[in-house]
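Analysis of the macromolecular model
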Amino acid sequence: MSKELELASKYFPGGVNSPVRAFKSVGCEPPFIKSAYGSRVIDTNDIEYIDYVGTWGPAILGHAEESVIEAVRRKALDGLSFGAPTMVETELAQLICDAFPVIQKMRFVSSGTEATMSAVRLARGFTNRPYIIKCDGGYHGHGDSLLVSAGSGVATLAIPGCPGIPESIASNTLVVPFNDLEAVKKVFETHKDKIAAMIVEPVCGNMGVVNPKDGYLQGLRKLCDDNKALLIFDEVMTGFRGCYGGVSKITEVTPDLTTLGKVVGGGMPLAVYGGRADIMSMIAPDGPVYQAGTLSGNPIAVAAGIATLKKLKSDHTFYLKLLSTSEKLEKGLLNAAREEGIKIQSNRYGAMMTIFFTDSPVTDYESAKKSDTQMFTKWFKGMLKRKIYLPPSQFEAMFISGAHTEADLEKTIYMAKETFKEIKNN
């Protein structure tokens with residue numbers, strides 16, 4: 001055990017503050033990162049890696065982007081937190097409404113988990129109904145109502161369920177396969193007039209990246225309308241990853257509520273839930289549904305978010321370049337695997353993707369679980385050894401940033417070829 005992990009393990013479970021960081025599923029120890037810039041992270045041994053974790057999504061501009069760092073520095077000089085309204089909150093809200101027309105009013109919180117659990121509480125309060133529908137393998141944070149049949153870290157660690165969540169709470173969450181409209185229809189028929197909402201990642205990111213089939217999201221919208229239930233899009237991961245906006249903008253499917261995080265905070269702890277004004281009017285102090293937070297709308301986090309969104313909005317070529325970079329990386333990795341006879345599938349949405357070690361298409365959690373996790377472990381270790389930093393789980397997404405260069409892609413694809421050769425020969 002490294003000295004860093006040994007010391008950390010004295011104070012934190014597994015030596016980490018979020019489970020997947022422990023690298024348990026890939027059977028090795030995590031590097032401890034001390035700094036980052038652009039497309040690179042540097043560990044405590046001064047080893048530099050090309051980074052495709054991107055702090056799990058927020059670093060769409062790259063690490064330590066100059067305008068974001070300067071915005072944080074300037075705002076910090078005014079004080080770190082006030083616990084009071086600020087005008088910068090309104091400025092960020094205006095940018096979010098511009099990017100997400102489906103959001104009429106919103107509330108800032110500090111994490112994606114806070115956003116999703118608040119949206120679920122609001123949906124129940126607005127409809128006065130108890131049940132929530134979610135997808136098998138869909139991860140919406142670690143709130144009690146949503147940590148049921150979750151993917152991501154739960155899948156990675158092979159935890160069958162989560163002790164500490166009473167059955168009385170878990171039983172109010174109904175689970176269906178992703179991309180299966182018939183299953184959703186049957187649940188609505190079985191629990192008529194009792195379902196408050198369906199919450200879904202419109203593109204899954206926490207069973208690995210899984211795209212919706214044609215008509216799936218539109219079908220969910222109709223089923224929710226027909227049954228007077230709300231539709232919640234969890235765009236904590238997908239927001240700003242495919243366009244200046246979200247999946248709702250690309251598909252023209254309008255959810256009733258949307259949750260955002262990651263990119264919207266520019267790397268600082270900030271998340272959002274929002275949607276139709278009449279629904280949001282149920283939130284205190286306007287209505288009876290309570291939610292609060294001392295650090296909600298923290299001015300430093302808001303400043304980072306404003307700087308990030310302004311950069312994305314003002315650079316009219318940003319997304320053309322980002323999506324082109326992502327496509328080139330995907331094609332390069334697929335070709336590298338095929339040259340060595342390694343069977344993989346790639347699913348990509350915008351600038352996030354997952355390489356699945358399977359020869360079958362991945363369309364839901366069941367098909368994702370057919371992936372060869374031992375092969376993924378060999379792939380992960382081989383790439384890490386070659387200074388390519390990937391998410392340490394078959395069931396997570398790689399994130400590409402605007403800071404990744406042609407040279408980064410060439411090196412990554414070359415190292416992938418070398419890793420696939422190593423896997424084939426061993």
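Anything mentioned here points back to the structure above.
**Thoughts on the nonpolar core**
Membership of the largest hydrophobic core comes to 71 residues, with the highest contact counts inside it found for Ile96, Phe240, Leu312 and Trp379. When neighbours within four sequence positions are excluded, Ile96 is seen to be in contact with Ile103, Met106, Phe108, Leu260, Val264, Val272 and Leu309.

**Some thoughts on helix H2 (residues 66–76)**
All of the buried residues in H2 are Val68, Ala71 and Val72. The arc that holds the buried residues of H2, viewed along the axis, is 95 degrees, so those residues lie on one side. Its buried side turned inward, H2 meets helix H11 (299–314).

**Points about the pattern of salt bridges**
A pair can form between side chains of opposite charge whenever their charged atoms are brought close. For the coordinates displayed, the defined rule picks out 25 salt bridges. Asp226 is the partner of Lys222 in a salt bridge, and the nearest nitrogen-oxygen pair spans 2.8 Å. Placement of both Lys222 and Asp226 in helix H8 (residues 216–226) is noted, with a separation of four residues, approximately one turn of the helix. Of the residues examined, Lys222 reaches a relative accessible area of 53% and is grouped as exposed. Where salt bridges share partners, they join Arg221, Asp225, Asp256, Arg276 and Asp278 into one cluster.

**As for the pairing of strand E10 (residues 271–275)**
By the criterion of burial, E10 is predominantly enclosed, with five of the five residues buried. Both strand E4 (residues 105–109) and E10 contribute to a ladder of five bridges, which runs antiparallel. Across the sheet, residue Phe108 finds its bridge partner in E10, namely Val272. Here strand E9 (residues 257–260) pairs with E10 via four bridges, running antiparallel. By the bridge assignment, Leu260 is partnered in E10 with Val272.

**Examining the pairing of strand E12 (residues 352–356)**
Counting buried residues in E12 gives five out of five residues, a clear majority hidden from the surface. Burial of the side chains of E12 extends over both faces: Met352, Thr354 and Phe356 are buried on one face and Met353 and Ile355 on the other. Of the strand pairs in this sheet, strand E11 (residues 345–349) and E12 are connected by five bridges, and their pairing is antiparallel. Each residue of the ladder has a partner; that of Arg348, found in E12, is Met353. Taking the residues that link successive antiparallel strands as the turn, the E11-E12 hairpin has two residues, and the phi of Gly350 there is positive, at about 55 degrees. Sheet topology note: the E12/strand E14 (residues 398–399) ladder contains two bridges and is antiparallel. Across the sheet, the residue bridging to Met352 is Phe399, located in E14.

**Comments concerning the packing of helix H7 (residues 181–190) against H8**
Contact geometry for H7 and H8: axes closest at 10 Å, N-to-C directions at 10 degrees. With respect to H8, the element H7 is oriented roughly parallel. Contacts from Leu181, Val184, Lys185 and Phe188 in H7 reach Tyr216, Gly219, Leu220, Leu223 and Cys224 in H8. Tallied by class, the residues present in the contact of H7 with H8 amount to seven nonpolar, one polar and one charged.

**Things to note about the sheet that holds E14**
Spatially, the three strands line up as an open sheet ordered E11-E12-E14, and their pairing is antiparallel. For this open sheet the edge positions go to E11 and E14, each flanked by a neighbour on one side alone. Sitting on the sheet, helix H12 (residues 318–339) touches E11, E12 and E14, and the angle it makes with E11 is about 175 degrees.

**A closer look at unusual backbone geometry**
In this chain, Ala284 is followed by Pro285 through a cis amide linkage whose omega measures 15 degrees. A positive phi is found at Phe240, a non-glycine position, where the angle reads about 70 degrees. By the secondary structure assignment, Phe240 is in the loop between strand E8 (230–234) and helix H9 (247–251). Owing to a relative accessible area of 1%, Phe240 belongs among the buried residues under this scheme. With phi around 70 degrees, Lys387 is a residue other than glycine that occupies positive phi space. Relative to the helices and strands, Lys387 resides in the loop between helix H14 (373–385) and strand E13 (388–389).

**Topic: the environment of Cys135**
Mapped onto the secondary structure, Cys135 falls in strand E5 (residues 131–135). Taking C-alpha positions, Cys135 is 19 Å from Tyr273, a pair spaced 138 residues apart along the chain.

Basis of the calculations
Residues numbered from 1 in each chain as written. Predicted model: local features only at pLDDT ≥ 70, side-chain atom pairs only at ≥ 80, totals over all residues. Heavy atoms only, no water. Core = buried A, V, L, I, M, F, W, Y, C linked by side-chain atoms within 4.5 Å. Buried < 20%, exposed > 50% of the residue type's maximum accessible area, 1.4 Å probe, protein only. Contact = heavy atoms within 4.5 Å. Helix = DSSP H or I, 4+ residues; strand = E, 2+ residues; numbered from the N terminus. Arc of directions from axis to C-beta. Salt bridge = Lys/Arg side-chain N within 4 Å of Asp/Glu carboxyl O. Pairing = 2+ DSSP bridges. Axes fitted to C-alpha atoms, helices over the stretch in contact; angles between N-to-C directions. Parallel < 35°, antiparallel > 145°, perpendicular 65-115°, else oblique. Nonpolar A, V, L, I, M, F, W, Y, C, P; charged D, E, K, R; others polar.

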